[in-house]
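# Geometric and topological summary
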Amino acid sequence: MTLSSTQQRLLWWSIGLSALAYLGFALWSGWRDVLQAFQQIGLWPMLAALALSLLNYLLRAERWHLYLERDHHPISRMTNLRIYFAGFSLTTTPGKAGELIRSLFLKPYGVQYHHSAAMFFSERLADLVAIVALTAIGFTHLPGGVAYFAVLVALLIGGLFVLRTPLPEQLLRRFAHWRHDSPGLIWLSDVAASSRPFWRGRLLWQAQGLTLIAWLGEGVGAYLILHSLQADISLSFALFVYGFAMLVGALSFLPGGLGGTEATMTGLLVLQGMPLPQAIAATVIIRLATLWFAVLLGVISVLALPTHSASEVKA
């Protein structure tokens, strides 16, 4: 479960460059404002936000464990937790695709690449559903917001029903045949087939329930930070700001959503009446308590992984 020297260099370069870019952003936006905001927030709200972020990671790791159990891979929860957290070391990649590094760590346990890719695809969709649901709550603040909320819920339910069917796999296989049996498309069709059981029966509601609670917790953490800065923002609007900023960051396909998420969150807070320096400081702190806290845990987990081998696999 160790990485090659080349893979390790790429990993540390990815983390280092992203961290330097974010440090540059924080310094450029006004480090004095950020420090002042830290002092205003205080210790306990910050610890509470970090605890809620940790809850988010633990619940999503449990969802990953449910996926592994469904595919009959007997991996202990502790080993699963290390591997899942290790994926956070590459959260600062476009679309968080670097988290697929878990596939390398799972391979010694007999998990085929298309199975781990199916789990990754399913968790990304589950995250999307949960974040859109939290974002939709904020639409009730807008004129005609209830109609927007109803449309979003209908689209999400419709998408879930499509994923339960063989339709995505069939479409990919037909497209692959049209492209003269393209190996990449055939592999994607295998991924679609492997992910289908994750969207059926009890597992669907277990996984989606864990996901919704996980992202709700992180959104509440963002609200606590904003509330400590005496921002005149309700919990539902804070969830909307956090969720919508996350969506924009994900759709931008920038590494970790860096730039897109921050600009969106800052802009929405300013529109709500928050002074620009304070909005930037709040955004930086929220991202430190969510994104960069995850990266830190990921780095620690990667460093711990080489001391554990497949002999630790338990039923």
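In short, a report on the structure.

The rules behind each value
Residues numbered from 1 in each chain as written. Predicted model: local features only at pLDDT ≥ 70, side-chain atom pairs only at ≥ 80, totals over all residues. Heavy atoms only, no water. Phe/Tyr/Trp six-rings, centres within 6.5 Å; stacked < 30°, edge-to-face > 60°. Helix = DSSP H or I, 4+ residues; strand = E, 2+ residues; numbered from the N terminus. Buried < 20%, exposed > 50% of the residue type's maximum accessible area, 1.4 Å probe, protein only. Lys NZ or Arg CZ within 6 Å of the ring centre and 35° of its normal. Expected span 1.5 Å × (residues − 1). Bend = angle between axes of the 7 residues up to and from the residue. Salt bridge = Lys/Arg side-chain N within 4 Å of Asp/Glu carboxyl O.

## Some words on the packing of aromatic side chains
As enumerated under the stated definition, the model contains nine aromatic pairs in all. Measuring from centroid to centroid gives 6.4 Å for Tyr57 and Phe85, while their planes differ by 90°, and the two rings are edge-to-face. Within this pair, whereas Tyr57 is found in helix H2 (residues 43-70), its partner Phe85 is found in helix H3 (residues 77-87), the two being separated by 28 residues in sequence. Here the aromatic rings of Trp64 and Tyr84 are separated by 5.6 Å at their centres, their planes lie at 55°, and the arrangement is tilted. Of the two residues, Trp64 sits in helix H2 while Tyr84 sits in helix H3, which places them 20 residues apart along the sequence. The class for Trp64 is buried, based on a relative accessible area of 2%. Tyr84 gets classed as buried once you look at its relative accessible area, which sits at 0%. The rings of Tyr57, Trp64, Tyr84, Phe85, Phe88 and Phe293 are connected pair by pair, giving a single aromatic cluster. Positioned above the aromatic ring of Phe88 is the side chain of Arg102, whose terminal nitrogen or guanidinium carbon lies 5.7 Å from the ring centre.

## Some points on the environment of Leu47
The topology assignment puts Leu47 in helix H2. Looking at Leu47, the relative accessible area reads 37%, which means it is partly exposed. In this structure the C-alpha to C-alpha distance between Leu47 and Ala289, which are 242 residues apart in sequence, comes to 9.1 Å.

## Let's talk about helix H12 (residues 276-304)
Between its first and last C-alpha, H12 extends 41 Å over 29 residues, near the 42 Å set by a 1.5 Å rise per residue. At Leu288, H12 is deflected by roughly 40°, the largest bend along its length. For H12, the buried fraction is high: 21 of the 29 residues fall into the buried class.

## Some words on the pattern of salt bridges
Two side chains with opposite charge may pair up if their charged atoms get near one another. Within the structure shown, the criterion is met by ten salt bridges. For Glu99, the salt bridge identified is with Arg102, shortest N-O distance 3.1 Å. One exposure class covers both Glu99 and Arg102, and it is buried. Between Arg124 and Glu123 there is a salt bridge, with its nearest N and O atoms 3.5 Å apart. By the burial criterion, Arg124 is buried, and Glu123 matches it. Connected via shared salt-bridge partners are Arg63, Glu99, Arg102, Glu123, Arg124 and Asp127.

Function cannot be inferred from these measures alone, as they are strictly geometric.
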